[in-house]
Amino acid sequence: MNKEEKQQVFKDIMGNYPTGVTIITTTTGEGIPVGLTVNSFASVSLDPLMLLWSIDHRVSSLKEFTEGGKFAVHVLAGEQSELCKTFASKHEDRFGTCNWHQSENNLPIIEGAFGVFECKTFKAIEAGDHTILIGEVVDLKVDSSKDPMLYHRRVFGSIPAEFYAVT
């Protein structure tokens, strides 16, 4: 199997691995909010609270995330699929499409998410064509009245009710 074929099989396998969906936000040096949709997200540690995500080196806001020292991870709610698509697109004014506020940690917080982690960057690790960002959680909140978003086979949505059915 050549490199391109291996990459396609890798994408096929990963695209069939159900994940949650997040929007990661931070600000530029001038205080302008930036954000992007990410599903490469995982927990790292409970003591201290730490998580990780990865960013493609081709992303225009790479420097803001890798050098900014902080970021917020929004675990999206099931009904936020349009917002998810907007932050995954080349849309210029992503924050103009949603309600958000600046947190006490000076991070842009998008309203309506299932959960939000505000983090200070613990470590950035280059790995292939991405950088893995490990963050130490400094604040967090959850809206347990919502269900988180699910991503599977390039489809975003709420977790189906059948998923919770007792067998």
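Refer to the structure printed above.
Residues numbered from 1 in each chain as written. Predicted model: local features only at pLDDT ≥ 70, side-chain atom pairs only at ≥ 80, totals over all residues. Heavy atoms only, no water.

Visitor: Quick one: what's the story with the overall build of the protein chain, residue by residue and with numbers?
Guide: When helices and strands are tallied, the protein chain shows three helices and 11 strands. Helices and strands in the protein chain line up, N terminus first, as α-β-β-β-β-α-β-α-β-β-β-β-β-β. Over its C-alpha trace the protein chain gives a radius of gyration of 16 Å, about what one expects of a compact globule, namely 15 Å for 167 residues. Among the 167 residues that make up the protein chain, the fraction classed as buried is 35%. Long-range pairs, those at least 24 residues apart, make up 62% of the contacts in the protein chain between residues at least 6 apart in sequence. Accessible surface computed for the protein chain: about 10,300 Å², of which carbon and sulfur atoms make up 53%. The positive charge centre, built from 15 side chains, and the negative charge centre, built from 22, are 6 Å apart in the protein chain. (Helix = DSSP H or I, 4+ residues; strand = E, 2+ residues; numbered from the N terminus. Rg over C-alpha atoms; globule rule 2.2 N^0.38 Å. Buried < 20%, exposed > 50% of the residue type's maximum accessible area, 1.4 Å probe, protein only. Contact = heavy atoms within 4.5 Å. Areas by Shrake-Rupley, 256 points an atom, 1.4 Å probe, with all protein chains shown as cover. Lys, Arg positive; Asp, Glu negative; His and termini not counted. Charge placed at Lys NZ, Arg CZ, Asp CG, Glu CD.)

Visitor: Explain the sheet that holds strand β5 (residues 70-75) to me, using residue names and the numbers behind them.
Guide: On the basis of which strands lie adjacent, the open sheet formed by seven strands has the order β2-β1-β5-β8-β9-β4-β3 and antiparallel pairing. Two strands close off the open sheet at either side, each with one partner strand: β2 (33-38) and β3 (41-46). For this sheet, the mean inter-axis angle between neighbouring strands, taken without regard to orientation, is 30 degrees. In this structure, strand β4 (residues 49-56) lies alongside strand β9 (residues 130-142), joined through seven bridges in antiparallel fashion. The residue bridging Met-50 from the neighbouring strand is Glu-136, located in β9. Each of β1 (22-27) and β2 is contacted by helix α3 (residues 81-88), which is oriented at about 110 degrees to β2, the strand it contacts most. (Pairing = 2+ DSSP bridges. Axes fitted to C-alpha atoms, helices over the stretch in contact; angles between N-to-C directions.)

Visitor: So what's going on with the state of the cysteines? Which residues, and what values?
Guide: Tallying each qualifying case throughout the model produces zero disulfides. This cysteine, Cys-84, is not joined by any disulfide, and Cys-98 carries the nearest cysteine sulfur, 12 Å off. In this structure Cys-84 comes out as buried when scored by relative accessible area, which is 0%. The cysteine Cys-119 is free of any disulfide, with Cys-98 supplying the nearest cysteine sulfur at 19 Å. A residue is classified by how much of its surface remains accessible, and Cys-119, at 1% relative accessible area, is buried. (Disulfide = S-S within 2.5 Å.)

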